[in-house]
Structure formats: C-alpha cells, structure tokens
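The primary structure of each chain is shown beneath.
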Number of protein chains: 4
Amino acid sequence: MIVVLKENPDQEQLNSLIEWLKSKNMEVFFSEGKSQTILGLVGDTTQIDGDLIAALDIVESVRRIQEPYKKANRKFHPADTVIELPNGIRIGDGSLTIIAGPSAVESEEQIFKTAALVKAAGASILRGATFKARTSPYSFQGLREEGIRLLVAAGKENGMPVVTEISDIQDIDKMADIDILQVGARNMKNYALLKELGRCDKPIFLKRGDSSTYEDLLMSAEYIMSKGNSKVVLVERGIRTFENYTNDTLDIAAVPALKQHSHLPVLVDPSRSSGRADLVEPLALAATAAGADGLTVEVHPDPQHAVTDGRQQLRPEAFQSLVRKCRTIHSAIKEEN
Amino acid sequence: MIVVLKENPDQEQLNSLIEWLKSKNMEVFFSEGKSQTILGLVGDTTQIDGDLIAALDIVESVRRIQEPYKKANRKFHPADTVIELPNGIRIGDGSLTIIAGPSAVESEEQIFKTAALVKAAGASILRGATFKARTSPYSFQGLREEGIRLLVAAGKENGMPVVTEISDIQDIDKMADIDILQVGARNMKNYALLKELGRCDKPIFLKRGDSSTYEDLLMSAEYIMSKGNSKVVLVERGIRTFENYTNDTLDIAAVPALKQHSHLPVLVDPSRSSGRADLVEPLALAATAAGADGLTVEVHPDPQHAVTDGRQQLRPEAFQSLVRKCRTIHSAIKEEN
Amino acid sequence: MIVVLKENPDQEQLNSLIEWLKSKNMEVFFSEGKSQTILGLVGDTTQIDGDLIAALDIVESVRRIQEPYKKANRKFHPADTVIELPNGIRIGDGSLTIIAGPSAVESEEQIFKTAALVKAAGASILRGATFKARTSPYSFQGLREEGIRLLVAAGKENGMPVVTEISDIQDIDKMADIDILQVGARNMKNYALLKELGRCDKPIFLKRGDSSTYEDLLMSAEYIMSKGNSKVVLVERGIRTFENYTNDTLDIAAVPALKQHSHLPVLVDPSRSSGRADLVEPLALAATAAGADGLTVEVHPDPQHAVTDGRQQLRPEAFQSLVRKCRTIHSAIKEEN
Amino acid sequence: MIVVLKENPDQEQLNSLIEWLKSKNMEVFFSEGKSQTILGLVGDTTQIDGDLIAALDIVESVRRIQEPYKKANRKFHPADTVIELPNGIRIGDGSLTIIAGPSAVESEEQIFKTAALVKAAGASILRGATFKARTSPYSFQGLREEGIRLLVAAGKENGMPVVTEISDIQDIDKMADIDILQVGARNMKNYALLKELGRCDKPIFLKRGDSSTYEDLLMSAEYIMSKGNSKVVLVERGIRTFENYTNDTLDIAAVPALKQHSHLPVLVDPSRSSGRADLVEPLALAATAAGADGLTVEVHPDPQHAVTDGRQQLRPEAFQSLVRKCRTIHSAIKEEN
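The paragraphs below set out a description of the structure included in this document. (Residues numbered from 1 in each chain as written. Chains lettered and ligands numbered in written order. Predicted model: local features only at pLDDT ≥ 70, side-chain atom pairs only at ≥ 80, totals over all residues. Heavy atoms only, no water.)

### Here's the deal with the overall build of chain A
On a plain count of helices and strands, chain A comes out with ten helices and 14 strands. Its C-alpha atoms give chain A principal-axis dimensions of about 75 × 50 × 40 Å. Taken over 337 residues, chain A has a buried fraction of 66%. Pairs at least 24 apart in sequence give 66% of the contacts found in chain A among residues at least 6 apart. (Helix = DSSP H or I, 4+ residues; strand = E, 2+ residues; numbered from the N terminus. Buried < 20%, exposed > 50% of the residue type's maximum accessible area, 1.4 Å probe, protein only. Contact = heavy atoms within 4.5 Å.)

### A closer look at the pairing of strand β14 (residues 294-298) of chain B
Residues and elements named next belong to chain B. β14 sits mainly inside the fold: five of its five residues count as buried. Residues of β14 alternate between two faces, with Gly294, Thr296 and Glu298 on one and Leu295 and Val297 on the opposite face, all of them buried. Sheet topology note: the strand β7 (residues 97-101)/β14 ladder contains five bridges and is parallel. The partner of glycine 101 across the bridge, within β14, is glutamate 298. Both strand β13 (residues 266-268) and β14 contribute to a ladder of two bridges, which runs parallel. Across the sheet, leucine 267 pairs through a bridge with glycine 294, a residue of β14. (Pairing = 2+ DSSP bridges.)

### Examining the side chain of arginine 237 of chain B
All names here are of chain B. With respect to the element layout, arginine 237 can be found in the loop between β12 (232-236) and α7 (254-261). Only 3.2 Å separates the side chain of arginine 237 from the side chain of aspartate 248, close enough to count as a polar contact. Residues in contact with arginine 237, not counting those within four places in the same chain, are Ala185, Lys207, Arg208, Asp210, Asp248, Asp269, Arg272 and Ser273. (Polar contact = N/O pair within 3.5 Å; in protein donor to acceptor, adjacent residues only side chain to side chain.)

### Focus: helix α1 (residues 11-23) of chain A
All names here are of chain A. Compared with an ideal rise of 1.5 Å per residue, which puts 13 residues at 18 Å, α1 spans 18 Å between its outermost C-alpha atoms and is within 8% of the ideal. Residues of α1 that are buried make contact with β1 (2-5), β2 (27-32), β3 (37-42), α2 (50-54) and β4 (59-63). N-cap assignment for α1: the residue whose side-chain oxygen lies 3.1 Å from the backbone N of glutamate 12 is aspartate 10. Note on α1: the residue one or two positions beyond its end, asparagine 25, has a positive phi of about 70°. (Expected span 1.5 Å × (residues − 1).)

### As for the sheet that holds strand β2 (residues 27-32) of chain B
Residues and elements named next belong to chain B. Overall, antiparallel pairing links the four strands, which are arranged β2-β3-β1-β4 in an open sheet. In this open sheet, the two strands that pair with only one neighbour each are β2 and β4 (59-63). The average angle at which neighbouring strand axes cross in this sheet is 20°, direction not considered. Relative to strand β3 (residues 37-42), β2 runs antiparallel, the two sharing six bridges. Paired with phenylalanine 29 across the strands is glycine 40, a residue of β3. (Axes fitted to C-alpha atoms, helices over the stretch in contact; angles between N-to-C directions.)

### Remarks on the sheet that holds strand β2 (residues 27-32) of chain D
Residue and element names in this part refer to chain D. If you trace the four strands from one edge of the open sheet to the other, you get β2-β3-β1-β4, paired in antiparallel fashion. Here the strands that pair on one side only, and so sit at the sheet edges, are β2 and β4 (59-63). Direction aside, the axes of adjacent strands within the sheet are offset by 20° on average.

### Things to note about the pattern of salt bridges
As enumerated under the stated definition, the model contains 97 salt bridges over all chains in all. A salt bridge links arginine 90 of chain D to glutamate 84 of chain D, with the nearest nitrogen and oxygen atoms 2.8 Å apart. On the basis of relative accessibility, which here comes to 54%, the residue glutamate 84 of chain D falls in the exposed class. Notably, a salt bridge pairs lysine 174 of chain D with aspartate 171 of chain D, separated by 2.9 Å at the nearest N-O pair. Overall, the relative accessible area of 36% leaves lysine 174 of chain D in the partly exposed class. Among the charged side chains, a salt-bridge network with shared partners connects Arg208, Glu236 and Asp251 of chain A together with Glu243 of chain D. (Salt bridge = Lys/Arg side-chain N within 4 Å of Asp/Glu carboxyl O.)

### Regarding the relation of the copies chain D and chain C
Under the fitted operation, chain D is carried onto chain C by 0.0 Å of movement along the axis and a turn of 180°, and the coordinates agree to an RMSD of 0.0 Å. As the rotation angle and translation indicate, the two copies are arranged about a two-fold axis. Residues of chain D ranked by C-alpha distance from the rotation axis are headed by serine 211 of chain D, positioned 3.4 Å from it. Looking at the interface residues of chain D, 100% of them are also at the interface in chain C, so both copies use one shared face. (Least-squares fit on C-alpha atoms with pLDDT ≥ 70 in both.)

### Structural notes on the relation of the copies chain C and chain A
Taken as rigid bodies, chain C and chain A are interconverted by a rotation of 180° and an axial shift of 0.0 Å, the fit giving an RMSD of 0.0 Å. Mapped onto chain A, 100% of the interface residues of chain C are again interface residues, and the two copies thus contact each other with one and the same surface.

### Structural notes on the packing of aromatic side chains
Across all of its chains, the model carries twelve aromatic pairs over all chains by this definition. Ring centres of tyrosine 214 of chain A and tyrosine 245 of chain D lie 6.1 Å apart, and the angle between their planes is 65°; on these two criteria the pair is classed as edge-to-face. Here tyrosine 245 of chain D lies in the loop between β12 (232-236) and α7 (254-261) and tyrosine 214 of chain A lies in helix α6 (residues 214-226), a pairing that spans two chains. Residue tyrosine 214 of chain A is classed as buried on the basis of its relative accessible area, which comes to 3%. Centroid distance tyrosine 191 of chain C to tyrosine 223 of chain C: 4.3 Å. Interplanar angle 15°. Geometry classified as stacked. Here tyrosine 191 of chain C, found in helix α5 (residues 191-198), pairs with tyrosine 223 of chain C, found in helix α6 (residues 214-226); they are 32 residues apart in sequence, far enough to count as distant. Of the residues examined, tyrosine 191 of chain C reaches a relative accessible area of 6% and is grouped as buried. Joined through ring pairs, the aromatic side chains of Phe242 of chain A, Phe242 of chain B, Phe242 of chain C together with Phe242 of chain D make up one cluster. (Phe/Tyr/Trp six-rings, centres within 6.5 Å; stacked < 30°, edge-to-face > 60°.)

### Some remarks on the packing of helix α9 (residues 277-289) of chain A against helix α9 (residues 277-289) of chain D
Running from N to C, α9 of chain A and α9 of chain D point in directions that differ by 150°, and their axes come no closer than 7 Å. On the basis of the axis angle, α9 of chain A is roughly antiparallel to α9 of chain D. Our pair here, α9 of chain A against α9 of chain D, has a crossing hand that is right-handed. Two secondary-structure elements touch here, α9 of chain A through Leu285, Ala286 and Ala289 of chain A and α9 of chain D through Leu285, Ala286 and Ala289 of chain D. Residues belonging to the contact of α9 of chain A with α9 of chain D are distributed by class as follows: six nonpolar, no polar and no charged. (Parallel < 35°, antiparallel > 145°, perpendicular 65-115°, else oblique. Left-handed = near helix turned anticlockwise from the far one by under 90°. Nonpolar A, V, L, I, M, F, W, Y, C, P; charged D, E, K, R; others polar.)

### As for helix α6 (residues 214-226) of chain B
All names here are of chain B. Between its first and last C-alpha, α6 extends 18 Å over 13 residues, near the 18 Å set by a 1.5 Å rise per residue. Across the 13 residues of α6, eleven count as buried, placing the element largely inside the fold. For α6, every residue scored as buried is listed here: Tyr214, Asp216, Leu217, Leu218, Met219, Ser220, Ala221, Glu222, Tyr223, Ile224 and Met225. On its buried side, α6 packs onto α5 (191-198), β11 (204-207), β12 and α7. Phi turns positive one or two residues past the end of α6, at glycine 228, with a value near 120°.

### Describing the interface of chain C and chain A
With 25 residues of chain C at the interface, the matching set in chain A holds 25 residues. For the interface between chain C and chain A, the tally reads zero salt bridges. Our enumeration of links across chain C and chain A arrives at two residue pairs in polar contact (both at pLDDT 80 or more). Within the residue set of the side of chain C that touches chain A, elements represented by two or more residues are β1 (2-5), β2 (27-32), β3 (37-42) and β4 (59-63) of chain C. The element contributing the most residues to the side of chain C that touches chain A is β2 of chain C, with five residues. For the side of chain C that touches chain A, the residue count by class is nine nonpolar, eight polar and eight charged.

Next comes the structure, spelled out in structure tokens:
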C-alpha cells in the first residue's frame, strides 16, 4: 500500500500515523522528495482500511498494491480448486463441464424432456430457474417450491446434479435438495446472502455483476469463503457496456485473467451474456478456446413457447452441435499444450 | 409496443400472434411495406411480456413505447406524492428537506453530538448506517442492533425522524423503531427485499443502482409499490462511469427527468456520489438549483477519525455553510418561478 | 511514480533500472519487504514514460502519483486563466459568460434573427456550427464557407465574438475571421488537430470526449498548450453512460473538479449533454450553482423547423427565462461567498 | 421507422407531417389507440433524418427500425467482401490472416528483424506504427517519414504487404507506398479523415472506437464507402468498460454480430485490447474460435526494450506458439462445419 502525503505534512500527525501503521505490523518505508513524500507499506495490508488513512488531513491519496482478497487469491493457494460433485463430476480439473437446461423450470413435461435431451447431448449438470428474479413485478416469478421439486426429480431421473438460483436468504431451506446454488449477477453484492451461503456446505456458482470488476467478483467470493465455504465457482456472464445489440458484453479475457488471480474454477455463460440464440455457439467456442472450465447454456425443447427468455435459449439440435464443436476445440488445445 | 416482423412471415403464425394479442385486450395495427412489416400494439402493454413475443420465429424485434411501470408513473398519477413524517416534516411539497448525519453510527457520543450539530445547522432528518454493507468481509460492518438503539435515541433527543439502510430481509424486525428505511444502490435490484418493504408501512428511500437507468430505478419503485407501500422516495447518488476521480458521477439530469416521469419525490446524495468532502458543497448547490426535493449529506464531528468514509464526510462548519447557501438558492429560484 | 517489483527481482536488472532512473534526475527510494519491493520515484515524472518501465521483466506494475500534465496544471500555475475577447468580454474572471446561438447556421435570416434575439436576452458570444460533423454521411453537413461568412457577419452586426467547431485541419484557413475555434467531443483525441490549434493565436473551446476522464481532457489541453497556445477553455458536455433518456450524462462534478486541477476556465453545455430542450434550464441552473464560468446554449427561433437538433434547441423566450434565473443564482452565490 | 405521437396531436400539423413523409417516398401506416397514436414508416429510411421529425411539437419520440447504413449492410450485399492484396493474400475468404509486427517501427534493425521473424512464424502482413498517436505530447511520436521508408523496405524484403496507422489527413501523400491504411480507435469518428480515405484506392483497416457500438462502427465504414472505397476491414480491438485490469474489454461477440450485419471482413486485435502479453494468446484463440477473418498481433524481438507498449508485445517464440494453436483451432472448426 502506498500513502501519498500532501506537501509539508504536519510532523506530529505524520509520526502518529507511522506509529499506528507499525502497531498494525506494517513495515513503513519513506520516500521524501522536494515536492512530494510517499510512504510505502509492506506487510499484510488486507487488514488495513485504506479509507481510514485517506481521510487524514496530511494524506493526499492511498493506492493499494496488493489484492484485498486472500482466500480466493492464487498467490496464497497456488493449486487449482477442483469441485467434486455426485456422479464423479469434477469442475476445475482441466475438463470441460457442460451445465445445461431451460432458463426457467416451466412444467414437469418441459423439465424432464429438457433434462433427457441435454444429458444425451453431453451435459453433466442440469440447470433451471425456480425462484426467478425479474425486472418487472408483473412478470412470471418462477414455479418456486414446485419448480424445485421438479428440477430435483428431473436431475435424479437422469443422474445429473442440479443448480438453481437463490436470491432470498429465506429460500435456503427450501433448496435443501439442490446440489449447487447460484448467485445471480444482481445479487453479487448482496453481502447478507453471500455470508449465509458461506455457512452452507454446497458449491456456489457466483455470477459476476454486470458492472463489476474482477476484483469486485473476487471480493464477493471472499465473502463466501471467509465464512467457511471454499467451494466457489466463478461465472463470467457479461458486463454492461454501450453495445445494446447483445444483452451484455461477454468479457472473454475474464477467463484467463481470473485464473491468473485466483485458484477457483471459471465458467462462462454464453446465453445470458448475448441474449441471442444465434450468438451462443460462437461465444461458447470462444470461451472453450480461452480456457474456461465449463459452460452454462440455456436449452429449451421449444424456445418459441418458452415462458421466459425464449430468444436466448437453444433448440436441442443446436445445443448438440455446440457441444460437439466445443469438445473438438477442447481436445485440440489439450493436445497442443 | 411495436413488433417488427421478419421478411415474409409465416401467415399462420402471424394470425395466431394477432389473435393472442387481441385476447390480451390489445388493439393491433398493421403496417405492411415491401421489405418490412410492423405491428403497432395499443392498450395497457405493462401486462404484456415483450420477451415472449421476441422469441417467436416470425419476429425480428420488439420495442416498447410505453413505460413498463404504472404506480410510479406520473401519467397515471399527475399529482406530486408528498411524504408526511413525524414533527410535521414533509418531503416533496416544494420544500428542501435536509437529511444529515454520519456515514455510520460509531458510538453514543458520536451520534448524539452529530445529531445536535446537524439539527442546529438546519437538518430535519437524522441519518446513520447501523448495518453497514462493505465490499470487504474484513471491514467494519456497523454497530448493528446497538447502532439502531443509539440512532433512535439521538433522533428522539433532537426531535428528528431517523433513517438507516437495510440490506437483509431478516433485519426488518430489528428496525421497528426506525422511521424511514433506506435501500442502498447495491440492493436496488434485490427484489426479495423490495417486495418485503412493499408490505411495510414506512417511507422507503430507494437509492439508484450505480449502473441503473431511470427506468430501472422506477421499476424497483414499482416493486415496492405493487405490494402496497406507495411511500417511496427516489435518491440519485451517482452512477458508475469511466471517471475515477469521484466515487461515481452524480447524474444531475436525473432530478428533472425523474420528476417528469414520476410523481415521487427525488433526493440527491452529494456525499456518496463524489466521495470527496471538497466536492460536496458544489454538488449540493447544483442539486438544489436543479429542483431536488432534498439532500442527504454525511456529516461527522471529526472526519479524520471516522471509522468509515472519512474522506467524504463534512465537518460541521462546512455543513452549516452548505445549508445556508442551499437555502439561498432554493429561495431565489422559488421567487423566480 | 511508484514501481512495484516482482518477487525476487534480478539484481543486475534492478541496478540498471535504478541507474537509468537517476540519469533522468529521479530520486529513487526503496521499500523492501518480505514479499514485495517498491521503488518510489520523486522528481519531474511528466517526462518519464511509465509504459517503458512497466515492460521490464522485473516490474509488476507502475502507478503514477503526479498528474502527467504540466501547463494545464494548477499546481504549477495557481492563478486562474482569464481569456480576453473583443468587446471587453472575459471568460474565467468570476463572471458568467453566456454563449448562445443555433445548433447550425442554416440561412442568413436564421442566424441574424437568432443573433439579435440571444444578444437581447443577455448572451455575449454567438455560436453556430458551419462545418457539421454528423454520424451519417447522408445527413446535412453544414453551410461550410457560406456558413462562416454568415456567422461572422451576424456577430459583427450584434457586437458579438463568434465561435464555430473545427474538425478538419484543412479548414483552419477558412476560419480566419472566426474569433474562437471549438474542438468537438469526437475530436478531443485528434492530436494532429490539437497540435495545429496549438500554433493558432485564438482561444480554443475544448469539449470533453464522451468517454474521457478529467485527466484525458487535461492531457488534450496540454497538447494545445505544449505548442504555445495557452488560451484553452474546457467544456463539460456530458459523458456516455447507460442512461439513454438523455444524449449523455452531464457530469456536474467536472466543474469544481476541473477547477481544482487546472487554472483553465470551465464552461458547461446543457443543450448537447441532455439533447432535450425540456432539461436545458435545470441543467443550466445546476451548472451555474456549481461554479461554471459560463454556459453554451443552443437557441433557435423555430426549433420545430431547425435543420438539425431541433429537439435540444430552446425557443427564444425559454432562453430569456434561463438567463434571468442563472443570473439570479450567480448573484446569490457571489453574495454568500 | 416508428413515430410515436403525443396525445391529441394538432390535426393540421399531423397532416402536414404525413404529406411530407409521403413526398419522401415513405409509406405511412397509422395506429390510433385511445391514449397513443403511432405512425409506421416503410421505405428507404436511411435518407430520413429522424431528428427532424423528433423536433416537431406533435411528436413524442422516433425509433429507427432499419439500420441507417446501406453500403456496409449485408441485407443489401449478401455476399462476403473479400479483400485482395499483393502476393495473393486474401482477407475474408474463410482463411485466417495473420497481421503481425511491432507496436511501432523503432529502427532499421528492429523492423527488419521482426519482419523476418513474423513471416517465418506464419504472418502474411507486416504492421508497425510510424506516425504514433499518443495521449501525452511529451511521449515518442514515431519515426514518421523515416518509419514509413523502413516499414515498406522490410515488407518488400519479406514479400509482405504493410499496414500503418494514419491519423492526419495531411499524411496521406507520405503514405503512398503503404499497402493498407489503418484508422485508429481515437479517429473512428474523424469524419474528415474517413471521407478522404473514401477517395483512396487502398484497403482500410477501421478500428472500433473504444466506446462505440456496432452501428457506430458500421456508420464510420459507411462514411468511407459512401465516397467510393469499398475495401473496408473492420477491427474489433476492445471497448472501454469498468474493468481496468485490461486496457479495454475485447468484445468477442462483435465477430459474429458484425458478420451478421455486414459483409465486410472482421479482424481482432488481442494485443491492444488486453494490453498484456500474457493474455494475448487466449484472446487470439478465442477470436479464431469465434470466426474472425484474421488477427493483428504485436510482436517485438525484445519487448523489454521496446520504445512503446512493451507490456503488450509478444516475444517471437510466444508468437510462433500462438499461430500454431490458432491454425489448429481454425482447421478443427472448418472440418466441423
């Protein structure tokens, strides 16, 4: 951490700042020039609140050098985290995990049909929203408890672990039979929820907020991990930009960049990021080529009559083609490496 | 709502779409050109899910013309909403309401001292975070229940209603003695929380999310209002932009624009948006000139030793000067109108 | 400037870096911790290219502490720059300068009529585009040479200096009779143009690019000033955000923030930023309250039949009201200070 | 184009609007509801200025349905444009064209060495900045005329066409021997330059502005094409977002999306977008998988001592590996299709 001082700082205040920093186990280095003085702090600065220092009269600005997250930081945990799921499925071990299913669970027939289809095409985890967060209070809000029951049953029938999104702390108990809980982009900074999930024993798919940075995302992972749950999987699902043709802009660099900074697995969601079925395949191929640990893809037996997000859900045959091409790229790169 | 069809749409599908729209009480108008056909829908389109229509094979795109919110919409409720509070305080009646207090409640001494100071300087509502949402799980998270007790007591002592931020549904009961609940920017799309607040009988200060549009904000207001609570106050607190000198960029046009679209009062938060005490006064003056119904300003008796956000909190004397100048501008404009 | 080194840097490379820095008249301070070593550079770092240092194998990152601009920097030139124009008009001396006129010069009648109207209402500088930059090559591109002739004549008739936008270096000679040249937001980083304007003897209105920071804008001012022309006026005209109701989002904090960092005058353009006539007045009032040195406002005798930008141009009577209210606020604040 | 009228529009004004639209060869359809009336315009709306209509008193808003560009539009030119270059090189014919070279031409030795290296590794076009646009007027501005001479000579020696960036209209003549001219992101809306390039007979690499949309980019292509030069190649090089770890965020969806809307070839620049050598390979692989027609990659024999952008330039061996893997992916996908 670097503390830039104002010109001619009050000597007494400066001494008191330095004493305080030393009491926090910081080593303090001092660069004094004619017009500018800089303090260099060396030590475990994750415990130091830079805002406190920035508020002092003698301080012009504070810059953090070290990342503010620890448990999610690859520096402190160099080995890749591998998430183990029922049926021998592993996320983060170099394989390409395919999570697929409809945007929302709509009916028994729909979810059982989709589960069988995506399983046959090569997916290993079943997804589907049950408690659906919608921009409008007047839109369909999901089948709720009934949706959970159907999703779990369809997963069981096809030997697939299931994942659904949670947005309300009060729903955790209702989701006892769900294998993986997903935090949506809107809730990435819902710290109350993150802390509660940190006390669960389930893997968490944590989606990046639509205007969040890598560091923001890793700080949210840290919230979960700081409460004891280290089974966090990061999901890149696009960020808000000025481009409106797509829902959001898939930040493909997030895949290698997050893997540089963190040991956690990284998934990509080409469906939600683009919001357009006709862009899902090229984005899925790109994500695979960039080194993603898996993909989460929305598939519906009849997108035209989907209750939500019909425009972004793939038809089963398009999903088959996507999986086949992704596997080809995944193998081609593995051989090269 | 406008539905743009693809070239040569299947006639059967088109008829079935038109039938369905008519069954939803829409009037459907038809513009057929050589290369493009457009359907114009007229009626109460807030109940129509445009995404459903956009998913159809024959549809190229759907554009909404009407706003998707109703209860928050000035078109349907032309008269300004005025929020009445204890002690005769009114927000939205043409007066300039000043909400002030520390970023966070830190101690009995701090909150009582601040309350007396801001009251004397002209504030009528006391603010202070008690359950504090922080980016890092390692930062100070607020005095919690004790903070609520102190805030309420300090408000009572000075005859001021109090406002604090809620970010966890499970805290609602603990906040029974709080007069006004505030939803922070990070929770603007926490729909579970919004719905719960819609069932309260308290005024809600709803802060705009840092990358949300006016429509996003009004849809969140609609969530609260759709559950029965119409006492919503909108708060402009800055949006995320590429400018990093300030915390966020105060969108001053939000004041007149929100008041065009909605009957709800609009407050401005110059402290959080700038994150810099030296910018708070010019922003407060600008907000007053632009027609804000009030200001929420962070004040601390000793910002240098504040536990959080020291850099953005005003000293008491700076706050006095701000209030005096804002009142001058508010009166000057009133006389001109 | 701070140089953060990688762990265990090669000692020889480090010594050679330090030698090189010293040869550039930098004082180099050294903070060595267990896991991290930091170099603090003190001296005139505007001449040091941080990218060069960042490319070294032993370097993790480089952070600039000092601003990279010099001539535009208030630290080195504490006194406000005041621009003197014909007819005793001064920008930046504490007065509120009103620049007004149509979006584009359309005809002799239109520009003479507008000039007389805005002069009567209190404007002192006449504006109007002549060479018009348009997103579409098929849109009206301005009256060009004829437009210049008309603008200059209308200014002369009313005793007003005139300003028009330049976007092509090759047009400088054609604009010999123009008093002030304006650089549009799209050309803020057109360095070839900026350098050429740096060799002119005319005041330059430099508009902020729509996704530029304060530092970006001041670096563009530095381009002009580095070639010898110090008569630069900064114009805040809105930045691109996710809010689409307005053209761009007026960043009102830019007014005090730019004045903190630079001695150059700061104008605000409420017309272009909002793109909506019904928002121009509240934004103009806010800009005045925030301390702007002037306003540039688009006025048209008949906006409905304007050739361009009709939606954002004020009717003459609305402009009169705006000027009156702005003057009231400007006086009220002056008295308070 | 859709024109939404205000409630109870003046009938005379409405008739006059409809007459005017018909005189422009528009078919006008009329949807009249209780509270809202909509006009649907069908015909060649690229020639209609929506802003003009939006300025009318009776009009609430105008929405464009058709794209405002024509020559760049795939609807009107379904077949892919293929750019033919000397030595039989073709861009846009389904092959993967590799453009490589240093960020800037620095010396005879550097450019000849790099040219030979990238040629051997599989590049077919040589790149290198000669007139360099820099944020700071105090930074290295390129070798200029001498740089052009060296780049052309190095290209000739290795049988490679060459490309360099132009930012000043006045430099066109100096670049007579350059095969391909590149427009940088900062100049994407420099319409004066675009028009001049439209009169050239050379291929133009047009880089997307850092906060531009697909439509903005295609409108800039239209500027060039409207003056007669149809040899335009689009370059995705990242857009500005809140993520600061990378220079800009590579918008990988731009590849398939631009190819949907336009017949022009699409290149990707993984060097400039990331600004980090360690991210260039994964981004290049992703771009190839997403269907890019080519890549433009910065390579330097000794990035540590590069005069500019050392951090983002690849070492020759890293470039070899990148080309090999990209070719593997390109072939794998071709076989699948």
